[in-house]
Amino acid sequence: MKQLRNWTLLFLLVLCSAIQGQVVYPDPFLSDDNRPDGVVFLPAPPEVTDPTFYNDFYYYQWGKLQRDTPAGVQAKADGPQELFDAFSAAFGMTISPGLTPEIDRLAGGAATDAHRANKRVKNYYQRRRPFVQFAEPSLVPETEEEEARDYSYPSGHATRGWVYAMTLALVNPDSANVLLKRAQDYAIGRVIAGYHYKSDIDASAILAATIMGALNGSEEFKQQLVRAREEYQRLKRNKK
């Protein structure tokens, strides 16, 4: 009976996390010691008094003009969307923990490393998001309260998106161009939403590249890549 209560409690905790919209990240491939530290090599975000901030301000205004376009519709959908849902079409195959467990483990674990590396820089610089800075509505007002509690630089969505796309491209190189285009659109959507400045997503691209370099030096990542490629080829054959 006690064991049953424990399992029931665990289920309720997981359910509450899902209801509250908390993301559950797979295990990473890199340790804190060998994950790239963006605090060391990324430049500080520009202050509002810095002349280079004009570029950020320009793109913030540009982004607001895109909100009624197809890019704006996509940006709004991408906010709460799982990465495997956002990138499946570009990959050419539905990705999910159930249908493609090896691919999901590979790309999801890489995205966890992206999240942790990004969070380190965010917490260091603590840059306010554009919609907070200018006290204006974002594209997704229903998530503003949650987003306002987090920081802007670099963009977590953009960093995870780039790493996820580049990892999937290692599994299916034929889809690389489409995946990278999707990652770029995924990143710029955060500017359109008013959640990030252009310099935030630019820093994300640099951080993502360093993470991929570190991942390609990880034996665990390379072994999982072999399994993911085998799974992809098997599923691809079965589709024929």
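Quick summary incoming for the structure in this document. (Residues numbered from 1 in each chain as written. Predicted model: local features only at pLDDT ≥ 70, side-chain atom pairs only at ≥ 80, totals over all residues. Heavy atoms only, no water.)

### Some remarks on the overall build of the protein
We count it as follows: The secondary structure listing takes helices from DSSP runs of H or I that are at least 4 residues long and strands from runs of E that are at least 2 residues long, numbered from the N terminus. When a residue's accessible area, from a 1.4 Å probe over protein chains only, is under 20% of the maximum for its type it is buried; when over 50% it is exposed; and in between it is partly exposed. Any two residues having at least one pair of non-hydrogen atoms within 4.5 Å are treated as being in contact.
Check the secondary structure of the protein and you find 12 helices and zero strands. Moving toward the C terminus, one meets the helices and strands of the protein in the order α-α-α-α-α-α-α-α-α-α-α-α. When the 240 residues of the protein are sorted by exposure, 45% land in the buried category. Across the protein, every contact between residues at least 6 apart in sequence was considered, and the portion connecting residues at least 24 apart equals 84%.

### Structural notes on the nonpolar core
Stated precisely, the cut-off is as follows: Put simply, buried Ala, Val, Leu, Ile, Met, Phe, Trp, Tyr and Cys residues joined by side-chain atoms within 4.5 Å make one nonpolar core.
With 48 residues, the main nonpolar core has Phe87, Phe91, Tyr164, Leu168 and Leu215 as its most contacted residues. Secondary structure elements with two or more residues in this core: helix 5 (83-91), helix 6 (101-125), helix 9 (156-171), helix 10 (176-192), helix 11 (198-215) and helix 12 (219-239). Excluding residues within four positions of it along the chain, Tyr164 makes contact with Leu83, Phe84, Phe87, Ile95, Ala107, Gly108 and Ala111. Of all hydrophobic cores here, the second largest spans seven residues; its members include Ala75, Phe131, Val140 and Ile192.

### Notes on the environment of Val178
Position of Val178 relative to the elements: it lies in helix 10. Judged by relative accessible area, Val178 falls into the partly exposed class, the value being 48%. In this structure, the C-alpha to C-alpha distance between Val178 and Ala89, residues 89 residues apart in sequence, is 9.2 Å.

### A look at the environment of Leu30
Looking at where Leu30 falls in the secondary structure, it is placed in the loop between helix 1 (2-19) and helix 2 (38-41). A residue is classified by how much of its surface remains accessible, and Leu30, at 5% relative accessible area, is buried. In this structure, the C-alpha to C-alpha distance between Leu30 and Ala114, residues 84 residues apart in sequence, is 9.9 Å. When sequence neighbours within four positions are dropped, the list of residues in contact with Leu30 reads Arg35, Pro36, Asp113, Ile211, Ala214, Leu215 and Ser218.

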